[in-house]
Amino acid sequence: MEEGDPTLRLRIFDLNCWAIRYLSKWRQERVRLIGDMLLQDSFDLVLLQEVWSEQDYSDLKEKLRGCYPFSHYFHSGVIGSGLCVFSRFPILDTLLYQYSLNGYPYMLQHGDWFCGKSVGLVVTKISGIIFNVYVTHLHAEYCREKDVYLPHRLVQAWELAQFIRHTSGAADVMLLGGDLNMHPGDVGIRLLRGWTGLRDAFTEAARFEGCEDGCTLIPNNRFTVKAELLPFPQGVRIDYILYKAISSVTVKCEELKTTTGTAPGMDIPFSDHEAVMVTLHIQRQGQAAGDNLSTTEPALVDVVTETRTEVVVGLRAAQQQRHSTGRMAALALLLLLLQAAAALGALAGLVAGQPFPKLSFSLLAFLAIGVLLLATGLHLFHTMEVKMLQGTEEQMRMALRVLRERPSDG
């Protein structure tokens, strides 16, 4: 690609690396395999998720320095966002936005809260075209039949869409890659695409090669939990590369590929997710299609309404949790006050002649204090959850009013 050339082809690689951390299965082997593949196939941009070990990021950075001289790791949460980008082209700017809701700290078996799920933005300039490149990882689903995290994931999808719209004004092209943890027809995907105008590279691709229907979680992968995929014998597609031309630039997806299980010549996969690889044809002429939000407003009203309904359901559940934990804290405080009164009575000699049960009294006091601290902490957490859900619901209500009134403006 030469500077001033009116067309370019951009190759993008996206992979959820599946918990690259010290206790992950075959961690070092998989890091090496991912690095070897990126060196063998010359991509322009590489978007990775779940690289939670900064040492592994540093090793990849050193290994890929000759082919991908520019990179950035996004720091967030307790154990890190896991998001990083490698680029053949200079990185002009970066920005990180951490989602306001991200699961529950007491759900230790899931751990999403400790990751500080976020969206990272990298700005780069290629052949005179400004690219806003977004990489993200939304909250996992875990149980589709009873998805307690759905309101949180929808809030994340809404914030992601808002973040993209409010940061892409100076860009010519915007690209989004990552593990969105949503099926193509889910309301969160429809909201994200409808609100931003992003196109799905899989549905737009002129050529496709890989897993059937572009699935990125497949039963044939030895790392996947087979029981979770029983309702989906062919697998599910939850990893995406989305794109949109903003100014007088046109973007077409020439080809999309996915990996299909094991790494070439090996008996282990790169990850429990399949990688997504796309080739985009970008041209500096003509007006980008689909940039006018009003062309999709009728459908978008329905999508935002559906999303807002789910957020309200989550809000009511959070309010109930706040009420329950507040009541628990009040009962624990009442128990402590009764114990304090009993202790004062004993000191005043009101129960003279009777032995004071110090051991049982102390154990009960410690239990009450523990319950009080735990319940107070949970009450504060669910109070913040209520505030965030209320704020998102109000934003959606305002957006719906604007969408409904806009047709009458002309």
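Note that the structure is predicted; figures quoted are calculated from it, not measured.

> In this structure, what is going on with a nonpolar patch on the surface? I would like to understand it.
Residues Leu 331, Leu 334 and Leu 338 make up a contiguous nonpolar surface patch of about 310 Å² in total accessible area. Assessed through its relative accessible area of 54%, Leu 338 is described here as exposed.

> Even after reading the chapter, I still don't get helix α4 (residues 150-167), so can you show me in this structure?
At 3.6 residues per turn, the α-helix brings residues three or four places apart onto the same side. Taking 1.5 Å of rise per residue, the 18 residues of α4 would be expected to cover 26 Å, and the 25 Å separating its terminal C-alpha atoms lies within 8% of that figure. By the criterion of burial, α4 is predominantly enclosed, with 14 of the 18 residues buried.

> Any chance you could explain the packing of α4 against helix α5 (residues 187-196) here in plain terms?
The description of two helices packed together rests on the angle between their axes and the distance between the axes. Where α4 meets α5, the axes come as close as 9 Å, and the angle between the chain directions of the two elements is 15°. Of the possible angle classes, the one that applies to α4 and α5 is roughly parallel. Between α4 and α5 lies a crossing whose hand is right-handed. Between α4 and α5, the residues in contact are Leu 154, Ala 157, Trp 158, Leu 160, Ala 161, Gln 162, Ile 164 and Arg 165 and Val 187, Gly 188, Leu 191, Leu 192, Trp 195 and Thr 196, respectively. Grouping the constituent residues of the contact of α4 with α5 by class yields 10 nonpolar, three polar and one charged.

> Could you clarify how one ought to interpret unusual backbone geometry in this entry?
Negative phi is the rule for most residues except glycine; trans is the rule for most peptide bonds. Positive phi, close to 70°, is recorded for Tyr 142, a residue that is not glycine. As for its placement among the helices and strands, Tyr 142 is situated in the loop between β7 (129-137) and α4. Look at Asn 181: it is not a glycine, yet its phi comes out positive at around 55°. Mapped onto the fold, Asn 181 is located in the loop between β8 (173-179) and α5.

> How do you make sense of the sheet that holds strand β5 (residues 91-98) when you look at a structure like this?
Sheet strands associate in pairs through backbone hydrogen bonding, adopting either a parallel or an antiparallel arrangement. Across the sheet, which stays open at both edges, the six strands sit in the order β5-β6-β7-β8-β11-β9 with mixed pairing between neighbours. The strands lining the two open edges of the sheet, one partner per strand, are β5 and β9 (199-200). In terms of strand pairing, strand β6 (residues 118-126) meets β7 through eight bridges, oriented antiparallel. Bridging across to β7, Ile 126 finds its partner in Ile 129. Along the sheet, α5 contacts β8, β9 and β11 (239-245); its crossing angle with β11, the most-contacted strand, is approximately 15°.

> Help me out: how do you make sense of the packing of aromatic side chains in this one?
Within a pair of aromatic rings, the relevant descriptors are the distance that separates the centres and the angle that separates the planes. Applying the stated criterion to the full structure yields 13 aromatic pairs. Relative to Trp 195, the ring of Trp 158 lies with its centre 5.1 Å away and its plane at 40°, an arrangement referred to as tilted. Remark: Trp 195 occurs in helix α5 and Trp 158 occurs in helix α4; sequence separation between them is 37 residues. By the burial criterion, Trp 158 is buried, and Trp 195 matches it. Among the aromatic side chains, those forming a connected cluster through ring pairs are Tyr 104, Tyr 106, Tyr 142, Tyr 149 and Phe 381. Cation over ring: Arg 165 sits above Trp 195, and NZ or CZ is 5.3 Å from the ring centre.

Scoring rules and cut-offs
- Residues numbered from 1 in each chain as written.
- Predicted model: local features only at pLDDT ≥ 70, side-chain atom pairs only at ≥ 80, totals over all residues.
- Heavy atoms only, no water.
- Patch = residues over 30% accessible without salt bridge, like charges linked within 9 Å, V, L, I, M, F, W, Y side chains within 5 Å.
- Areas by Shrake-Rupley, 256 points an atom, 1.4 Å probe, with all protein chains shown as cover.
- Salt bridge = Lys/Arg side-chain N within 4 Å of Asp/Glu carboxyl O.
- Buried < 20%, exposed > 50% of the residue type's maximum accessible area, 1.4 Å probe, protein only.
- Helix = DSSP H or I, 4+ residues; strand = E, 2+ residues; numbered from the N terminus.
- Expected span 1.5 Å × (residues − 1).
- Axes fitted to C-alpha atoms, helices over the stretch in contact; angles between N-to-C directions.
- Parallel < 35°, antiparallel > 145°, perpendicular 65-115°, else oblique.
- Left-handed = near helix turned anticlockwise from the far one by under 90°.
- Contact = heavy atoms within 4.5 Å.
- Nonpolar A, V, L, I, M, F, W, Y, C, P; charged D, E, K, R; others polar.
- Pairing = 2+ DSSP bridges.
- Phe/Tyr/Trp six-rings, centres within 6.5 Å; stacked < 30°, edge-to-face > 60°.
- Lys NZ or Arg CZ within 6 Å of the ring centre and 35° of its normal.

Function cannot be inferred from these measures alone, as they are strictly geometric.
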